[in-house]
Each structure stands twice: as C-alpha cells, then as structure tokens.
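Structure assessment
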Amino acid sequence: MFSLIIPVYNESQLIDDLVARVVAAVKTFAGDYELLFVDDGSTDTTVEQLLKHRLQNKKIKIISLSKNFGHQAAFTAGLEHATGDIVAMMDGDLQDPPELLAEMYAKITKEGYDIVSGKRTGRKGKNHRTFYTFLFHLLFKNIGGLENMENAGNFSMMTREALQALLSLKEKVRYMPGLRSFIGFNQGTVDYIRDDRAHGEPKMSLSKLFALATDAIFSFSRFPIRLCLWLGSVGTIVFLLAGIYVLVEKILGLAVLGWSSTLLSIYFLGSIQLIFLGIVGEYVFRIYKESQNRPIYFIRKIHEEETKV
Ligand code: UDP
Ligand code: MG
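Below or above, wherever it landed, is the structure these notes cover.

Another aspect to go through is the overall build of the chain. Scanning the chain from N- to C-terminus turns up 10 helices and eight strands. For 309 residues, the compact-globule estimate of 2.2 N^0.38 gives 19 Å, and the chain exceeds it by more than 25% at 25 Å. Taken along the three principal axes of its C-alpha coordinates, the chain extends 95 × 40 × 40 Å. Counting the 309 residues in the chain, one finds 44% classified as buried. Positive and negative side-chain charges of the chain, numbering 35 and 33 respectively, have mean locations separated by a distance of 3 Å.

Written as structure tokens, this is what we have:
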C-alpha cells in the first residue's frame, strides 16, 4: 500500500491537472494506493472538484481541516492519517513533478533507503524567490547543523518505520524537512529541477515563508542564542577597554566634553539590547507555544469510506 499526501489550499485552477498527472504517475509503480488530499481550509471550489474526481476514483481521499492551518500542519494531518507502508508527501501546485515518485519508490524498494528526498538542482521559469531560498538554505545548512538539508523541501517519500519516528516528534512548531533530517535512517536523494507553479498564485505569501524560515532556524539551531553570548562578550571587552581609556584621559586631565561619543554608545548598547531581547523573545514565544500544547490542526470532515461519498 502506497500513500501520497498533497496539501491544497485554494488550488481550484489546477486540481484537474493535478489529479490527472498524479494518478497517471502513481499507477506506474504502485498497485494499491491512496491519494490523501488535505484541504487546508480552502474557500474556493477545490473540495467540490476533488469530490467530483472521487466519484470516479475511490482511492482519492479528502481530509478537510477546519480552517487554514498552514501547509506544514496540513502535511502533519496527512501523515497521521496515511495508512500506506510507504508514504510520500508533495506540494499540490505541480512544482514537484509527480513523475519522479517512481524513481523515489524504486530507491526505497530496491536500494534499501528509508527516506528519499527530492533535491532541487535548479528551478525553471521566473522565480523571484530563488535568491531568498538560496540564502535560507545556505544559512540553515551552516547554522542548523543538519545533514542533507541543502535544497531539500517537502517533496519526499519514506517507509512506515521512518514515518513512525517522524510522527513521534510531537513539537508544535513544525518544520518538516528539518524534522525529517533529524530522525536519521538511511536517507537518499533524487535530483530534479523544480518546475514553475502550474496555475494560480503561490499560496505561501512572503510573510508565511518568513515565518517558516524563522521556525526552521529557531527550532533547529543554537546559533541565534550563541550570537547573543558571543557579541555580548565582545561588547563587554570593548567597553571595559573604553572605560579604562576614559578613566586614564580623565586622570590625565585630557577629557573633553564628548556628548557624541556618549550618545553613540547609548544608541549602540540600546540597539544591541533590543535585538537580543527580540531573540530571547523568539525562544520564549516558542516555549510558550509548546507549553500551550494545542493540537496542530482540527479536522472538519474526512471523505474516505470506500462506499459512500
Ligand atoms: N498550502 C497549504 N496551506 C497554506 C499554504 C499553502 O496547504 O497555507 C499548499 C498549497 O496549496 C500548495 C503547497 O502547500 O499545494 C505549496 O504552496 P505554495 O506553492 O504556495 O508554496 P511555495 O511553492 O511558494 O513554497
Ligand atoms: Mg509552490
């Protein structure tokens, strides 16, 4: 049994293409399969269209979340409801070519990998985000200390054992590619060129992407807090030396009325303190989130029974 999880949020323009391409691709390698569409609170006709396809193909299952929870939460919902022995996750905008699933499947079943991720070797079309994405992955690779992370996104496939490990990580702030890398196992990659979105606008706004990036960095890296400590120590030494200098000048009677240097150091110290209060705040916020212990998503309805729609 093979499960494919696809989060969709207001993707009515490309559902028909998506279903056609995905079904064709999955049929080539999997006998028994399920396609789990996680509707992340869509407000357009996405669900109606999926239900129409479901009339023809009962392997299409739909999990409707109670509102928009974000696509990492949608993936989590899908992973928790998947029943396959091998489970894959993929974006619903056809940027991840479904035809690649066969290659991933072969790597798992024939070459003994537990987790196979799509590794982007390039991108097609106009993509103003390439630079941000590049910067993010570079930063994340260097400060996150996680292997296999460069240019890996959500597109991936794993065995039931790996999935169980992934699902046992219960944190609320979820950055899937990071969690996937964290659990270990025998991990492989499949290279691909990322397509342009087939239709419609990106559903991850720049602010959602920014939130994802901060989640990724703050939940997987000690770097921000190290930076505080490091800059703080350097600052202390510098100001100690400056203090000695000021005292010596004073004693020698050379001191002038330097309001500019006073103001500058106040500004400097003030801004550094604000930055680090912000960084500490990020951690406190995340601790707060975890301690609230709220569910990651709520389900409004599941369409999955084989008999009725
Ligand atoms: N998505 C979602 N919930 C959201 C935002 C996006 O389920 O809040 C889905 C979206 O429908 C798509 C996938 O996640 O299938 C990736 O979204 P998008 O293409 O906008 O992200 P990007 O390619 O910019 O990372
Ligand atoms: Mg996309």
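So much for the structure itself; the text now carries on.
Let us now look at the pattern of salt bridges. Per the stated rule, a full pass over the model turns up seven salt bridges. Taking the shortest distance from any N to any O, the salt bridge between Arg286 and Glu282 comes out at 2.6 Å. Linking Arg286 with Glu282, this pair stays in helix α10 (residues 259–292), spanning four residues, or about one helical turn. A single network of salt bridges, built from pairs that share partners, joins Asp91, Asp96 and Arg194.

Here we come to the site of ligand 1. Around ligand 1 there are 19 residues in total, and Glu11, Asp40, Asp93, Gln95 and Lys203 lie nearest to it. Between ligand 1 and the protein, one listed contact pairs an oxygen atom with a backbone N or O atom of Tyr9 at 2.9 Å. One nitrogen or oxygen atom from the main chain of Gly92 is found 2.7 Å from an oxygen atom belonging to ligand 1. Protein chains shield 94% of the accessible area of ligand 1, which is 520 Å² for the free molecule. Class assignment of the residues belonging to the shell around ligand 1 gives a composition of five nonpolar, five polar and nine charged.

In this section: the sheet that holds strand β6 (residues 152–159). Judged by pairing direction, the sheet is mixed, and its eight strands sit side by side in the order β7-β5-β6-β4-β1-β2-β3-β8 without closing on themselves. Of all the strands in the sheet, the pair left with one neighbour each is β7 (187–194) and β8 (299–303). Strand-to-strand twist across the sheet, computed as the mean angle between neighbouring axes with direction ignored, equals 20 degrees. Contacts between helix α1 (residues 15–27) and the sheet are confined to β1 (2–8), β2 (33–39) and β3 (60–65), with β2 contributing the most and set at about 155 degrees to the helix. Together, β1, β2, β3 and β8 form the strand contacts of helix α2 (residues 46–56), whose direction differs from that of β3 by roughly 155 degrees.

What follows covers the pairing of β2. Among the seven residues in β2, seven count as buried, and that is most of the element. With burial as the criterion, each face of β2 is covered, one bearing Tyr33, Leu35, Phe37 and Asp39 and the other bearing Glu34, Leu36 and Val38. Of the strand pairs in this sheet, β1 and β2 are connected by seven bridges, and their pairing is parallel. The residue of β2 that forms the bridge with Leu4 is Leu35. Handedness of the crossover joining β1 and β2 through α1 is recorded here as right-handed. Pairing of β2 with β3, which is carried by five bridges, proceeds in the parallel orientation. Bridged to Phe37 within β3 is Ile62. In terms of handedness, the path from β2 via α2 over to β3 forms a crossover that is right-handed.

Let us look at the coordination of the magnesium ion (ligand 2). Looking at the magnesium ion (ligand 2), the protein donor atoms are Asp93 (OD) and Gln95 (OE1), and they sit 1.8 to 1.9 Å from it. Relative accessible area serves as the criterion here: at 5%, Asp93 is assigned to the buried category. Using a relative accessible area of 10% as the deciding quantity, one classes Gln95 as buried.

All right, on to the packing of aromatic side chains then. Evaluation of the coordinates by the stated rule reveals six aromatic pairs. With a centroid separation of 5.8 Å and an interplanar angle of 90 degrees, the aromatic rings of Phe2 and Tyr105 are classed as edge-to-face. Here Phe2 is found in strand β1, whereas its partner Tyr105 is found in helix α4 (residues 101–111), with 103 residues between them in sequence. Exposure remark for Phe2: the relative accessible area of 0% places this residue in the buried category. Between Phe218 and Tyr283, the aromatic rings sit 5.2 Å apart at their centres with planes inclined by 75 degrees, giving edge-to-face as the arrangement. Of this pair, Phe218 sits in helix α8 (residues 206–220) while Tyr283 sits in helix α10, and the two are 65 residues apart along the sequence. Here Phe218 falls in the buried class, since its relative accessible area comes to 14%. Classification of Tyr283 as buried rests on a relative accessible area of 17%. The structure contains a cluster of three or more aromatic residues connected by ring pairs, namely Phe2, Phe29 and Tyr105. One cation-aromatic arrangement involves Lys59 over Tyr33; the distance from NZ or CZ to the ring centre is 5.4 Å.

About the thresholds
- Per chain, the residues get numbers from 1 upward, laid out in the order the sequence is written.
- Going through the entries in the order they are written, you letter the chains from A and number the ligands from 1.
- Residue-level local features of this predicted model are given only where pLDDT is at least 70; pairs of side-chain atoms are given and counted only at 80 or more, and the full residue set underlies all totals for whole chains, interfaces and linings.
- With hydrogens and water stripped out, all remaining heavy atoms of the structure feed into the side-chain values.
- Secondary structure counts use DSSP, requiring at least four H or I residues in a row for a helix and at least two E residues in a row for a strand, with both numbered from the N terminus.
- The size measure is the radius of gyration over C-alpha atoms, and the globule rule it meets is 2.2 Å times the number of residues to the 0.38 power.
- Summary of the burial criterion: residues with accessible area below 20% of their type's maximum are buried, those above 50% are exposed, and those between are partly exposed, where the area comes from a 1.4 Å probe applied to protein chains only.
- Residues counted as positive are Lys and Arg, residues counted as negative are Asp and Glu, and His and the chain ends are not counted.
- Charge positions come from single atoms, namely NZ of Lys, CZ of Arg, CG of Asp or CD of Glu.
- Salt bridge, as applied in this entry: a Lys or Arg side-chain nitrogen positioned within 4 Å of an Asp or Glu carboxyl oxygen.
- The cutoff for a nearby residue is simple: one of its non-hydrogen atoms must lie within 4 Å of the molecule or strand.
- In protein, a polar contact means a hydrogen-donor-capable atom and an acceptor-capable atom, both N or O and within 3.5 Å, with residues adjacent in sequence counting only if both atoms are side-chain atoms; elsewhere, any N or O pair within 3.5 Å suffices.
- To be clear on the numbers: accessible area is Shrake-Rupley with a 1.4 Å probe, and residue cover counts the displayed protein chains and nothing else.
- Gly counts as polar in this scheme, as do all residues outside two lists: the nonpolar Ala, Val, Leu, Ile, Met, Phe, Trp, Tyr, Cys and Pro, and the charged Asp, Glu, Lys and Arg.
- Here, any two strands with at least 2 DSSP bridges between them count as paired.
- Orientation is described by axes fitted as lines to C-alpha atoms, over the contacting stretch for helices, and by angles from 0 to 180 degrees between their N-to-C directions.
- Contacts are residue-level and defined by heavy atoms, with any inter-residue pair within 4.5 Å sufficient.
- Whether a crossover is right-handed comes down to one check: with the strands pointing away from the viewer, does the path from the first strand over the helix to the second run clockwise; if it does, it is right-handed.
- Coordination partners: N, O, S within 2.8 Å of the metal, 3.2 Å for Na, K and Ca; water not considered, so apparent gaps in a site are possible.
- For Phe, Tyr and Trp, rings pair up if their centres lie within 6.5 Å, where Trp contributes its six-membered ring, and each pair is then called stacked (planes under 30 degrees apart), edge-to-face (over 60) or tilted (otherwise).
- We call a charge positioned over a ring when the NZ of a Lys or the CZ of an Arg lies within 6 Å of the ring centre and within 35 degrees of the ring normal.

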